[in-house]
2 protein chains.
Amino acid sequence: MVTTKNSRADVIAAAGRLFSQKGYHGTSMRDLGRELGLLGSSLYAHVDSKQDLLVEVVEAGGQLFQASADAAIQVEGSAEARLRALIDGHIEVVLENVDVARTFLNEARDLDHEHREKVLKARDAYESAFRAVIAEGRDDGSFRDDVDPKTAAIFILSILNAIERWYRPGGRLDRARLVDEVTAFVESGLT
Amino acid sequence: MVTTKNSRADVIAAAGRLFSQKGYHGTSMRDLGRELGLLGSSLYAHVDSKQDLLVEVVEAGGQLFQASADAAIQVEGSAEARLRALIDGHIEVVLENVDVARTFLNEARDLDHEHREKVLKARDAYESAFRAVIAEGRDDGSFRDDVDPKTAAIFILSILNAIERWYRPGGRLDRARLVDEVTAFVESGLT
DNA sequence: ATTAGACAAACGAACGTTCGTTCGTCTGTC
DNA sequence: GACAGACGAACGAACGTTCGTTTGTCTAAT
C-alpha cells in the first residue's frame, strides 16, 4: 500500500492550502480533489459542502490565534514582556500555519453571514488582548502616555498580518530576527 | 431622458467597486451588468473580456500610487518631510479611491502572468521610494543609524495598506488625524 | 426642414464549459 | 458482512462569451 487513506483532516488541510493560494471562489471542488488524488465528488464522503470547508479552515485559524493570545497574556513581568509574547506568538502562528492563517485573514469575506460575524467577534477579541497590554504599559509609564491603545493595536496588527504577504522562509530574515525587527520597531513606536 | 449612457469608464469603475467588495472570482459579468442596469452580455460592447476589466482597474491603481510617490519625493526639505508626504499621499489615494486601491492590493493574484509581473514591479518601484527616503534620513542622522530601510519600508507600507481594511470615514478618526497618528507612530519607530 | 445612413449601446437567445452537488455502485479492510 | 473511501455518471445552475438584432441619437445630404 503506497498511499494512506484520506481523512477529513487531510481534506481540510488541502482546502486551506488551495484557498490561501487561489482564494475560495478561485478553488473548485475538482481542484481540491486533484490536490488529494481524488475526484471532486469523492470529497463529499468527508464534508457536507464547500462552504463547510471554508468554515473549518477559518475557525481553525481563529483558534490558533486565540490560543496564542491566551498564552501570551499570562506571561509574568512587564506589559512590554507580554506585548513581546503576543508578537512572538502571532508570528509563530503565521509562519507555522501559513495556509490556515492566510485563509483566516483573507477569505472570511466569503463566509455566510453567521460565521462571518463570528470571525469578526473573534478578531476583535484577539485585538483586545493587544489593546489591553498597550493600555497597561501606558498606564504604568512604560509607554508614552499619549498612546492610543486602539490605534496602536491596529498598527501593530497591520504589521503582523502583512507578514504572510512578503515573508519568505530562507530569505534574508530568519524567524528570530523577524521577531526582533518587529518588536524593536513597535516598541520604539510606543515609547 | 432619465439615464445617461454608460461609457467604458463607467464599466471599469463599477468593476472596481464589485471586485473590491466580492473579489474577482466572486463577481460575475451578470453581477456587473446588474450594477449598471444592463445585461451581462451588453458589457462586451465596452470591453473585450472580464480579465480586461481587472487589468484596467489594477493598472489604474498602480498609476495612482506611483503618481503620488513621484510628487512626494520632490518635496523640498528634510527626508522626514518627504516621508510624511509619502504617507500623506498614500492615505489620500486610498481614501479617495477605495475600490481601485483595494482591487490593486488584493486582487492582483488573479491577473494573468504578464500583468501580475508588471504589478509586482510597480509595487517594488513604489516601495523603493519609501526605502530611499528612509535611507536618506538614516544617513543624515534624522533617523536611528541601525534602521534597515528595507524592513522599515515594509512595516510602514503594512500599516498604510491595511487602512482600507478597518478605516471607516465618519468614524472616530478623520483623515487628518489618521495621517497624524500614522506619521507619529512611524517616526517614533524610526528615531 | 426632412430624411437616409452610420454608429454606439443594449438586448436576449444561445453556445460550450464549469460549477457544486447527488447518487448508485464498487473495492478493499477490519 | 459491515462499513468507509472512492468512483463515475449525472443533475441543474451558473459561468464567460458570441451573435444577430433592435434601439436611439447624431450627421450629412437632400
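Description of the structure in this document. Numbers given for residues are sequential positions, taken from 1 along each chain in its written order. The lettering of chains begins at A and the numbering of ligands begins at 1, in the order of writing. For a predicted model such as this one, the threshold for reporting local features is a pLDDT of at least 70, and the threshold for listing and counting side-chain atom pairs is 80 or more; totals across whole chains, interfaces and linings nevertheless cover every residue. Excluding hydrogens and water, the side-chain figures rest on all heavy atoms present in the structure.

A word on the protein's contact with DNA strand D
Piece 1. In the vicinity of DNA strand D lie 17 residues, with Leu39(A), Met29(B), Ser41(B), Tyr44(B) and Lys50(B) positioned nearest.
Piece 2. Any residue with a heavy atom lying within 4 Å of a molecule or strand is counted as near it. A breakdown of the atoms of DNA strand D within 4 Å of the protein gives sugar and phosphate a share of 56%.
Piece 3. Polar contact criterion, stated in full: a pair of N or O atoms within 3.5 Å, where within protein one must be able to donate a hydrogen and the other to accept it, and residues adjacent in sequence count only if both atoms are side-chain atoms. Contacts to DNA strand D include Leu39(A), whose backbone N or O atom sits 2.9 Å from a phosphate oxygen.
Piece 4. His46(A) places a polar side-chain atom, nitrogen or oxygen, 2.9 Å from a phosphate oxygen of DNA strand D.
Piece 5. Considered class by class, the residues forming the surface near DNA strand D number 4 nonpolar, 9 polar and 4 charged. Three classes are used, and their members are as follows: Ala, Val, Leu, Ile, Met, Phe, Trp, Tyr, Cys and Pro are nonpolar, Asp, Glu, Lys and Arg are charged, and the others, Gly among them, are polar.

A few points about the protein's contact with DNA strand C
Piece 1. In the neighbourhood of DNA strand C, 17 residues make up the surrounding shell, with Met29(A), Ser41(A), Tyr44(A), Lys50(A) and Leu39(B) lying closest.
Piece 2. Close to the protein, within 4 Å, the atoms of DNA strand C belong to sugar or phosphate groups at a rate of 57%.
Piece 3. Arg30(B) places a side-chain nitrogen or oxygen 3.5 Å from a base nitrogen of DNA strand C.
Piece 4. A distance of 2.7 Å separates a phosphate oxygen of DNA strand C from a polar backbone atom of Leu39(B).
Piece 5. Split into classes, the residues belonging to the surface near DNA strand C amount to 4 nonpolar, 9 polar and 4 charged.

Points about the packing of helix α4 (residues 79-96) of chain A against helix α8 (residues 175-190) of chain A
Residue and element names in this part refer to chain A.
Piece 1. Here an axis means a line fitted to C-alpha atoms, over the contact stretch when the element is a helix, while the angle between two N-to-C directions is reported on a 0 to 180 degree scale. Helical segments are the DSSP runs of H or I of at least four residues, strand segments are the runs of E of at least two, and each set is numbered from the N terminus. Close contact between α4 and α8 brings their axes to 10 Å; oriented N to C, the two are set at 140°. Between α4 and α8, the angle falls in the class oblique. For the pair α4 and α8, the sense of crossing is right-handed. Each of Glu-80, Leu-83, Arg-84, Ile-87, Asp-88, Ile-91, Glu-92, Leu-95 and Glu-96 in α4 lies in contact with α8, whose residues at this interface are Arg-175, Leu-178, Val-179, Val-182, Thr-183, Val-186, Glu-187 and Leu-190.
Piece 2. Of the residues belonging to the contact of α4 with α8, the class tally is 9 nonpolar, 1 polar and 7 charged. Should an angle fall under 35 degrees it is taken as roughly parallel, and over 145 as roughly antiparallel, whereas 65 to 115 is taken as roughly perpendicular and any remaining angle as oblique. Note: crossing handedness is left-handed where the near helix turns anticlockwise from the far helix by less than a right angle, and right-handed where it turns clockwise. Residue contacts follow a heavy-atom distance rule, with two residues in contact if any of their heavy atoms lie within 4.5 Å.

Here's the deal with the packing of aromatic side chains
Piece 1. Two rings from Phe, Tyr or Trp (for Trp, the six-membered ring) form a pair when their centres are within 6.5 Å of each other. A pair whose planes differ by under 30 degrees is stacked, one over 60 is edge-to-face, and the rest are tilted. For the structure shown, the criterion picks out 13 aromatic pairs over all chains.
Piece 2. Seen in terms of ring centroids, Tyr126(B) and Phe130(B) are 5.3 Å apart; in terms of plane orientation they differ by 65°. Their pairing is edge-to-face. In this pair, Tyr126(B) and Phe130(B) are both assigned in helix α6 (residues 113-139), 4 residues apart and thus about one turn of the helix distant.
Piece 3. For every residue, the accessible area obtained with a 1.4 Å probe (protein chains only) is divided by the maximum for its type, and the residue is called buried under 20%, exposed over 50%, and partly exposed between those limits. Looking at Phe130(B), the relative accessible area reads 0%, which means it is buried.
Piece 4. Aromatic ring contacts, followed pair by pair, group Phe65(A), Phe104(A), Tyr126(A) and Phe130(A) into a single cluster.
Piece 5. Put simply, a charge is over a ring when the Lys NZ or the Arg CZ is close to the ring centre, within 6 Å, and near the line of the ring normal, within 35 degrees. When the ring centre of Tyr24(A) is taken as origin, the NZ or CZ atom of Lys50(A), which lies over that ring, is 4.4 Å away.

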